[in-house]
Structures are given as structure tokens and as C-alpha cells.
Amino acid sequence: MMTSIVCQGCGVTIQTENPDAPGFAPSSALEREDIICKRCFRLKNYNEVQDVPYQDDDFLEMLNQISETDSLIVNLIDIFDFNGSFIPGLARLTGNNPIILAGNKMDVLPKSVNPNKVKDWLRKSAKDLGMKVEDVFLISAAKGHGIEDLSAAIEKMRKDRDVYIVGTTNVGKSTFINRLINRTNGVKDAITTSYFPGTTLGFIDIPLDETSSLFDTPGVIHRHQIAHCVSDRDLKLITPKKEIKPMVFQLNTKQTLFLGGLVRLDFEEGDRSSFICYVSNDLPIHRTKLEKAEDLYRNHLGELLSPPDKITMKQLPEMKTTSFRISENKTDIVVSGLGWITVPEGSVSVTVHAPEGVKVSLRESLI
Ligand code: GDP
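All residue numbers refer to position in the chain's written sequence, counted from 1. Local features are withheld for residues below a pLDDT of 70 in this predicted model, meaning they are given only at 70 or higher, and side-chain atom pairs are given and counted only at 80 or more; totals for whole chains, interfaces and linings count all residues.

The protein chain goes by Ribosome biogenesis GTPase YqeH in an unreviewed UniProt entry, where it is assigned to Thalassobacillus devorans.

And the structure:
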């Protein structure tokens, strides 16, 4: 019975079981004539978009609908979780419509970071993964930084076409859309929810002018995002909220750094060097001797080495190691979703332990 009811706002199938899944409406709402889902209800009544996550298949099907349109895509990425928030095959799925990449959460970058280097890195990382982008912007949806420039670029590049905002969960897409909605004047009446013809998946329609719209698309869960391996409490703790204060550690060879108990970096070989950690200011970092690291991990995970908390420990994937030999310029070892560690120039060998699926990679230092 339930499957035959669709939301009058966005067309998603209504369900009454899971408030966090797409199409939720409380049972009491079923008695109404025009049933709308929680996401459309919030938009209509509070002018506020809420992200609803889709599982991979639905999400891909949904994106594929964009391939039949002539539109501009704005792909939101979390600059702290590039790999976790990157959508493989986005360009193909969206029919090679032009893509603007917007790196969100720039407000937590230390002032010493060169924004142009961040942009270059985003562009290059996207290209390496097969996505050509028209332009890259750094924004803070939360603080409003860079929104004017991005909006102006969208306006210029869309050439009267529709705009689709896409992104995985947790990149800040709702924060971004809500900011866009609030910028539009006469907001309340301007925003409608509308059924996207020919689909059963929820797009939200925010009119831009008489003939075109900005569509919010639901977020997709990427299981290898570190955000999905940790408890809500730990997620709060590892997500930088304020400008990151770099932490400098002078390390001798055969020393180890633990970022909580989530990541371990072993300095295997090289001259005494300073390693600079750019992670959430709330994430405790411990230094120990490499020979003691294994015991410390085994005996103190979840206590001295925390996060993980008890909930995270039950769901955290096994640790996998990646070894790097760094011989060129100052290099960042990037742990997707957590931050990065800058290693000075010189000949350095390190081994990084991180939960399986959490990408560890190198880039030229941003500083
Ligand atoms: P969504 O799942 O993509 O819709 O993401 P949300 O908008 O719910 O944001 C996910 C998390 O990122 C929340 O904790 C937000 O407060 C945070 N967030 C969003 N935008 C920013 C930003 O520009 N800077 C920072 N520091 N945090 C942000």
C-alpha cells in the first residue's frame, strides 16, 4: 500500500518507518490530501533544506537523469575529505554537462595555507580521477565566504540553463543551499518544491528566474568516508570547526605519532625532522617510540588513544598500512576526512596506518 503514495513536493515514495531515509512522513500525515515528505515539509515551512541520503544505486540513477538535460553542475566537495566526497564517474553520469567544483569548509584552513594551491590540488585531483572541471571555487557555506564569487560564476556560466547542486552527504550541501535560498530575496514565495517529471526520486526546485531553476539533489552515502566509520560523538570531534592550529612535532627516526587511535604514522627513516599536523584542534596527538607503538595500540585503544570511542570501536574497519618514500619538496600526507601531516623536504620514509577504505595520499605541501 505504502509504495503507491508519492510526495507531492518532490515525487519521492513516501515511507513512515525511518525519519532519516528519503520520503519520510509521520503516519499522521497520511490522512492529509497533499502528502509531502519531511524534506519538502521543512523547505516549505521553514525555508530550510535538509539532506537525505540515498544508497548508491538510487543515487546513480538519479544523477543519470541529469545527463538528459542541458544544464550546469555544481559539485560540492569537502576539502578535508576529497576522496570520500568525490563522486566517481560524475562527468559521465551527468552527460558531460559543465561542472564547477566548489571546495567547502575553507574557513577551517589555517591562514598560512595558500588558497591557490588548494584550488590547484582540487583541480588536479579531480582530473586524475577523470573529471574535467570548468572552474574551482573555495567556499565556506557556514561562514558565507566565497559565496558571492561562486554565485556570480554560476550566473555567468549557466547561460539561462538549470543548475544542479550535487554532493555526497556531509559535504555541507544543505548549509550551502540554505545560504543560497537566504540570499535570494523575496525568498519565502520564491521557493517551491516541485515534482521532477518522470522520476520517483526527490529533487528540490528553487526557481532562479521565469524559465530556469536550481535543483538540490539528495546526497549519497559513500561508505568509505571516515564519517561513516565513526560514532556521532567522534565525528564531531574529528571534524574541524574552527581554524586549524597546526601542531608541530620534532620527530627522530623510529618514532610514531598517533592521531587519536584512528591514524598512526611511523617515521621509519630520515633525519630528525618536524612533522606538522593539520587536524581538528580537538583530536589528541600522541608521540611514542616505534617499538612501543604496537603495545600502546593494543592496550590503550579507546582510552589514551581516543577517538575511537566504544561505539566507533565496534564498527571501525581494520587498519591498513601504506608506505611512502618522500624525497622531493615539502609534502603533505593527506588522510581523507581527517586532515594532513606536512613532512619537510629531504629523504623521509614513513608508514601510515589508517582504517581500510580511508584514502591516504600525497600532495605537494599547501604551505
Ligand atoms: P550535507 O549532509 O551535505 O547536507 O551537510 P550539512 O550541511 O548538514 O553539513 C555537514 C557538516 O558540515 C555540519 O556539521 C555542518 O555544520 C558542517 N559544515 C557545513 N558547511 C561548513 C563550512 O563551510 N565550514 C565548516 N567548518 N563546517 C561546515
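J.: Would you mind showing me how to read the domain arrangement of the protein chain here?
T.: Assigned domains within the protein chain: domain 1 (48-220) and domain 2 (232-364). Computed over C-alpha atoms, the centres of domain 1 and domain 2 are 31 Å apart. With C-beta atoms placed from the backbone, a contact is any residue pair whose C-beta atoms sit within 7 Å. Listed per partner, the contact involves nine residues of domain 1 and twelve residues of domain 2. Think of it this way: any DSSP run of H or I at least four residues long counts as a helix, any run of E at least two long counts as a strand, and we number them from the N terminus. Considering every element that reaches the side of domain 1 that touches domain 2, the biggest residue donor is helix H3 (residues 82-85), with three residues. Taken together, the residues that form the side of domain 1 that touches domain 2 break down as six nonpolar, two polar and one charged. Annotation comment: domain bounds sourced from an automatic or database domain assignment. Throughout this entry, Asp, Glu, Lys and Arg are counted as charged residues, while Ala, Val, Leu, Ile, Met, Phe, Trp, Tyr, Cys and Pro are counted as nonpolar. The remaining residues, Gly among them, count as polar.

J.: Whenever I open this one, the sheet that holds strand S9 (residues 247-251) confuses me. Can you help?
T.: In any sheet, the strands associate via hydrogen bonds between backbone groups, in a parallel or an antiparallel arrangement. Paired strands are those between which DSSP finds at least two bridges. Pairing within the open sheet is antiparallel, and its five strands lie in the order S9-S12-S16-S15-S18. Two strands lie at the open edges of the sheet, namely S9 and strand S18 (360-364), each paired on one side alone. Adjacent strand axes in the sheet meet at a mean angle of 25°, parallel and antiparallel pairs treated alike. Alignment of strand S12 (residues 273-279) against strand S16 (residues 339-343), held across four bridges, turns out to be antiparallel. Looking across to S16, one finds that Cys277 is bridged to Ile341. Lines fitted to the C-alpha atoms define the axes, with helices restricted to the stretch that makes contact. Angles between their N-to-C directions range from 0 to 180 degrees.

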